[in-house]
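Chain residues, written in single-letter form:
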Amino acid sequence: MNTAQARAFDPSESALVGIYEISKLLASPNRLEKTLAGVLALLSSFLDMRHGLIALLDSHGDPEVVVGSGWSEGNAKKFFEHLPERAVGQIVATKMPLVVENVAASPLFEGTDLSEWGPTDGQPFSLIGVPIKEADAVVGTLTVDRVYSDRSSVRFDHDVRFLTMIANLVGQTLRLHKLIARDRDRLMQEKARLEKADRPAHIEAKLDNIKGIVGESPAVRAVVEKIRIVAKAKSTVLLRGESGTGKELFAAAIHNLSPRHSKPFVKLNCAALPESVLESELFGHERGAFTGAAALRKGRFELADGGTLFLDEIGDITPAFQAKLLRVLQEGEFERVGGTRTMKVDVRFVCATNRNLEEAVQKGEFRADLYYRISVVPIFLPPLRERKGDLAPLASEFLKRFNHEQNVHLTLSDSAMEVLNECSFPGNIRELENCVYRTATLARADSIVDKDFSCRNDGCLSSVLWNGSRESSVGGLHPPSFTPLPIVSKPQAPPPPPPPARPPVVRPPVEEPAPVAAAPAAPCPGAENCTVIDSDHRSDRDKLIEAMEQAGWVKAKAARLLGLTPRQIGYALQKYDIPVKKF
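Report on the accompanying structure.

About the thresholds
Residues numbered from 1 in each chain as written. Predicted model: local features only at pLDDT ≥ 70, side-chain atom pairs only at ≥ 80, totals over all residues. Heavy atoms only, no water. Pairing = 2+ DSSP bridges. Helix = DSSP H or I, 4+ residues; strand = E, 2+ residues; numbered from the N terminus. Axes fitted to C-alpha atoms, helices over the stretch in contact; angles between N-to-C directions. Contact = heavy atoms within 4.5 Å. Buried < 20%, exposed > 50% of the residue type's maximum accessible area, 1.4 Å probe, protein only. Expected span 1.5 Å × (residues − 1). Phe/Tyr/Trp six-rings, centres within 6.5 Å; stacked < 30°, edge-to-face > 60°.

### Things to note about the sheet that holds strand S2 (residues 63-69)
Here comes step 1: Strands sit in the order S2-S1-S5-S4-S3 across an open sheet of 5 strands; the sheet is antiparallel. At either end of the open sheet lies a strand with only one pairing partner, and these are S2 and strand S3 (98-100). The average undirected angle you get between the axes of adjacent strands in this sheet is 15 degrees.
Here comes step 2: Across 3 bridges, the pairing between S3 and strand S4 (residues 125-134) is antiparallel. Note that in S4 the partner of valine 100 across the bridge is leucine 127.
Here comes step 3: The strands touched by helix H5 (residues 85-94) are strand S1 (51-57), S3, S4 and strand S5 (137-147); relative to S5, the strand with the most contacts, the crossing angle is about 130 degrees.

### Topic: the pairing of strand S7 (residues 265-269)
Here comes step 1: Going residue by residue along S7, you find Val266 and Leu268 tucked away on one face and Phe265, Lys267 and Asn269 left uncovered on the opposite face.
Here comes step 2: Here S7 pairs with strand S10 (residues 308-312) via 5 bridges, running parallel. Residue pairing for S10: valine 266 is matched across the bridge by leucine 309.

### Quick look at helix H17 (residues 428-442)
Here comes step 1: Helix length check: H17 (15 residues) gives 21 Å between terminal C-alpha atoms against 21 Å at 1.5 Å per residue, within 8%.
Here comes step 2: Those residues of H17 lying buried are Asn428, Ile429, Glu431, Leu432, Cys435, Val436, Tyr437, Thr439 and Ala440.

### With respect to unusual backbone geometry
Here comes step 1: Positioned with a positive phi, alanine 135 is a non-glycine residue whose angle comes to about 60 degrees.
Here comes step 2: Looking at the secondary structure, you find alanine 135 in the loop between S4 and S5.
Here comes step 3: We classify alanine 135 as exposed; its relative accessible area is 75%.
Here comes step 4: Located in the positive-phi region is asparagine 428, a residue other than glycine, with phi close to 60 degrees.
Here comes step 5: With respect to the helices and strands, asparagine 428 occurs in helix H17.

### Points about the packing of aromatic side chains
Here comes step 1: A complete count under the given rule lists 8 aromatic pairs for this structure.
Here comes step 2: Ring plane angle 35 degrees and centroid distance 5.7 Å describe the contact between phenylalanine 301 and phenylalanine 334, whose orientation is recorded as tilted. Taken together, the positions of phenylalanine 301 in helix H11 (residues 300-303) and phenylalanine 334 in strand S11 (residues 333-335) put the pair 33 residues apart, joining distant regions of the chain. Phenylalanine 334 shares its class with phenylalanine 301; the two are buried.
Here comes step 3: Between the aromatic rings of phenylalanine 402 and tyrosine 437, the centroid separation amounts to 5.5 Å while the plane-to-plane angle is 85 degrees, which identifies the pairing as edge-to-face. Placement of the pair is phenylalanine 402 in helix H15 (residues 391-406) and tyrosine 437 in helix H17, with a sequence separation of 35 residues.

### Some words on the environment of glutamine 406
Here comes step 1: If you trace the backbone, glutamine 406 turns up in helix H15.
Here comes step 2: A relative accessible area of 45% places glutamine 406 in the partly exposed class.
Here comes step 3: Here the alpha-carbon distance between glutamine 406 and threonine 441, two residues 35 residues apart in the chain, equals 9.3 Å.

Written out as structure tokens, the structure is:
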């Protein structure tokens, strides 16, 4: 044998090459099971072996990860289970290598079914097992078997040393994997903690990832919990509430939480279209059905097939169209405009209205059968005045949107939040959004303060809309900076009608004090001798209340109406024990 051949068969050099190749493999960023399978494949190139097995144990000593060469990944664990517990237990307990020259003759394998290990052509085979350690603890075993030959024990000693080095490399790799996984978990937890700490209140309050719904008040929570329940069914839902309470957002939430979330969510405002156009929009039309129908067009019912159709302002449709809509709600069938073929769709309906449908049914303006069809599950959406705790996160959300649209960085000061908390926002969330956008647009600095709001500058839209029509019998008493709009006074919910066969839920009406007259007033020095006009205390109280009503309960405006200073009108309100209403 020449020198080159001797070097080629030099066990020491072969072991060094094997350790080098295996160390490169262990350093690669692969899945752990794939890496260990690669280690066994390389071992078969450097050792005379039939099968190899790496078993990683959990804290109870049971196999957690088993990877084998010569077997599929599925039956590697099965092979490990055929290893006698005494043999594996000896490796784990002694933390030392195990060499069995003839498995068939070893008492450790007595009673073991060796047929699962594959054919040996009548030759006995040997087993070498070494522990995989992490620090001083055994976390796994590395075992190989091969056909037994009458070789010296020196060869076994060489292979044991080689496998022990490989097992040590595997143990270090496992420790690194655990450290990386632990660091990753720690970093993810820290990231989540920081995001939660830095997250604005409006993001934290998004009610378990229901898109667009901001708030944590009990009123909103109750609605969301009800939505989570009804979303699972196909029953028609009727969302009820004042204008500006976010009916479309809640309708979208019902769809997104339902089994139909992967299907279309189609919406239509029934009050925005005349009846002829509404029929074409909902049912579609055939080509030539009417002038301008140049092509076939699918309606909203067809587009929403398999999904959800949201019909907003359904209380405003005409009685004639109510009959056409009732058939679709009952049977799921319709014909396109100008068509004769009956089409069937599978649509989940969510409807919404701010009208008192019970009163409309009583007056004959809304079909009772359609009412019962759409009001299977009525859900009342709370107005903003019933969810005061949500005002701050909502305002922050709207200001965030404004900042994003305008590329600015405005903030709300404490004085600004005090102004917002003083208003009940009769226009609900839509009015709050309008107020925030208007104030942010006119803000003079990066921080919005109380003086930036219109209500601090004789321009309160709520006062105009909801109090401006309360004109006094004595002319010239309304705020001088703007003229009251000719609209009706603050809307009231009508009294509930007699209960039908299935009594609907109706909100109680809100009573409102009758407007009273007031007259110009003279200044007064203090509370103890403050009279608005004359010595008739009852008349002064009435005039104070009327002035405050006309001014939208803004003391500075009422003071100008009566010719008083803000401090003097404050004294007068205290004197006559008049509580200040907040909007």
